[in-house]
Structure formats: structure tokens, C-alpha cells
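One-letter residues, chain by chain:
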There are 2 protein chains.
Amino acid sequence: MTFSIHVEVRLRPGIADPQGATIERALPTLGFDGVSGVSVGKSIRFEVEGTDEASVRAQVDDLCDRFLTNPVIEEAVVTIEQLEQATS
Amino acid sequence: MTFSIHVEVRLRPGIADPQGATIERALPTLGFDGVSGVSVGKSIRFEVEGTDEASVRAQVDDLCDRFLTNPVIEEAVVTIEQLEQATS
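Residues numbered from 1 in each chain as written. Chains lettered and ligands numbered in written order. Predicted model: local features only at pLDDT ≥ 70, side-chain atom pairs only at ≥ 80, totals over all residues. Heavy atoms only, no water.

Engineer: Can you break down the overall build of chain A residue by residue, with the values?
Structural biologist: When helices and strands are tallied, chain A shows two helices and three strands. Of the regular secondary structure in chain A, the N- to C-terminal order runs β-α-β-α-β. A compact globule built from 88 residues should have a C-alpha radius of gyration of about 12 Å, whereas chain A, at 17 Å, is more than 25% larger. Dimensions of chain A, computed from C-alpha atoms along their principal axes, come out at roughly 55 × 30 × 15 Å. Of all 88 residues assigned to chain A, the portion counted as buried reaches 34%. Averaging the coordinates of the 7 positive side-chain charges in chain A and doing the same for the 15 negative ones gives two points 6 Å apart. (Helix = DSSP H or I, 4+ residues; strand = E, 2+ residues; numbered from the N terminus. Rg over C-alpha atoms; globule rule 2.2 N^0.38 Å. Buried < 20%, exposed > 50% of the residue type's maximum accessible area, 1.4 Å probe, protein only. Lys, Arg positive; Asp, Glu negative; His and termini not counted. Charge placed at Lys NZ, Arg CZ, Asp CG, Glu CD.)

Engineer: Hey, could you go over the interface of chain A and chain B for me, with residue numbers and the actual values?
Structural biologist: Of the residues lining the interface, 32 residues belong to chain A; the matching set on chain B comes to 32 residues. Carbon and sulfur atoms make up 59% of the area that chain A and chain B hide from each other, which totals about 2,700 Å². Three residues, F32, R45 and F67 of chain A, lead the burial of chain A against chain B; their summed loss comes to 22% of the area buried on that side. Taken together, chain A and chain B are joined by two salt bridges. The interface formed by chain A and chain B contains twelve residue pairs in polar contact (both at pLDDT 80 or more). Looking at the side of chain A that touches chain B, the elements with two or more residues in it are strand 1 (2–11), helix 1 (18–26), strand 2 (35–49) and helix 2 (53–68) of chain A. With 15 residues, strand 2 of chain A is the single largest residue contributor to the side of chain A that touches chain B. The residue makeup of the side of chain A that touches chain B, split by class, is 14 nonpolar, nine polar and nine charged. Here strand 2 of chain A pairs with strand 2 (residues 35–49) of chain B via eleven bridges, running antiparallel. Among the inter-strand pairings, V48 of chain A is bridged to a residue of strand 2 of chain B, identified as V35 of chain B. (Contact = heavy atoms within 4.5 Å. Buried area = accessible area lost by both parts, 1.4 Å probe. Salt bridge = Lys/Arg side-chain N within 4 Å of Asp/Glu carboxyl O. Polar contact = N/O pair within 3.5 Å; in protein donor to acceptor, adjacent residues only side chain to side chain. Nonpolar A, V, L, I, M, F, W, Y, C, P; charged D, E, K, R; others polar. Pairing = 2+ DSSP bridges.)

Engineer: Give me the relation of the copies chain A and chain B: which residues, what numbers.
Structural biologist: Taken as rigid bodies, chain A and chain B are interconverted by a rotation of 180° and an axial shift of 0.0 Å, the fit giving an RMSD of 0.0 Å. Interpreted geometrically, this transformation is the action of a two-fold axis. Relative to the rotation axis, the C-alpha of K42 of chain A is the closest in chain A, positioned 2.2 Å from it. (Least-squares fit on C-alpha atoms with pLDDT ≥ 70 in both.)

Engineer: Tell me about the sheet that holds strand 3 (residues 74–82) of chain B, and please be specific about residues and values.
Structural biologist: Taken in spatial order, the six strands line up as 3(A)-1(A)-2(A)-2(B)-1(B)-3(B) in an open sheet, and their pairing is antiparallel. Looking at which strands have only one partner, the edges of the open sheet turn out to be strand 3 (74–82) of chain A together with strand 3 of chain B. The average angle at which neighbouring strand axes cross in this sheet is 25°, direction not considered. Relative to strand 3 of chain B, strand 1 (residues 2–11) of chain B is paired through nine bridges, and the arrangement is antiparallel. Bridge pairing in strand 3 of chain B places V7 of chain B opposite V78 of chain B. Helix 1 of chain A contacts strand 2 of chain A together with strand 2 of chain B of the sheet and is inclined by roughly 130° relative to strand 2 of chain A. Along the sheet, helix 2 of chain A contacts strand 1, strand 2 and strand 3 of chain A; its crossing angle with strand 3 of chain A, the most-contacted strand, is approximately 150°. (Axes fitted to C-alpha atoms, helices over the stretch in contact; angles between N-to-C directions.)

Read these as geometric descriptors, not functional statements.
Right, dumping it as C-alpha cells:
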């Protein structure tokens, strides 16, 4: 089975986000007011072959911890969706 | 009213994604097989003050086109959620 994975990598609360702060500071000069709390993270999408959702989730969580994020300063939100199969 | 905004910035189909390709190439050496189609984008979250969802959406779409994305190579998916108000 094929699963579609979306990983959103965010900075943990309290970690400085200079990219978000820069966007927030620039917006009023461009005419956008009332924007606050800007935070910038990464959005990673991919597909995984696996037998069931639980094993795929374990694999993706491991992948996030070891490779896609720096767990000291970042946290990952994983969304798993099973793709439809024509032959099921 | 306050709205919580999530903008996912993705490369348009057909645009080279070297960051995603590098992740995909590295995964088998780390023991993760069966992963394909890796794409990396940005995930931007912020809050906006506005009167109604339609005007906020127009403002955020404009913001995406002019500032948060390069519309030639990137596309944005905007998700808007109204935050609860204690005084409503």
C-alpha cells in the first residue's frame, strides 16, 4: 500500500524565529496591517510504501527524529493519508 | 476578529526541487526504503485581524502573491481558521 505523508516542521515554542520576525517587521511597510505571530517552518511531502498505517507512522516518526528535524529546536507534525488503490 | 492563517508554499509541478531530491537520495543509506516523491516547501503560520473571512482571504492571497511566494515557480495553499472569541 502507498501512503501519502505530510510532515510540517516547526520551531518549538520559545526558539527564536528570525525569518518569521523579518516577515512580520516588513509587512506594515508593504501595507499589510494587523498581522502578528508569524512563524516559518518547513513542509515536506512524500510517499511511502508500507503494509499498514501503524508501521508507516513508526517509520516516519523515526525518520523525522533522525533526519528531517533537529529535535532540540524543532517539532514535527505528521499527517498520513492512505492513497487509493485500483487493485484493492 | 482574529483569524489563524496557514500558508503552505510548494514548488509548482515540473520545477526542480534539489532539496527534496537530496533527501530522497540520502534515505536508503539511512535504512529507509520505499520513500518516493519527496518535495520540500515552506510552511508559514500567522494571525490576522479582520472583519470577515472573505476580506482576510483576499488580503492573504495578495500577501502570498507579492511577498511570501515567487509566483513564477511556487504556489501557495492557504488555510484560514477563525479563532474563538470570548466576547462574541
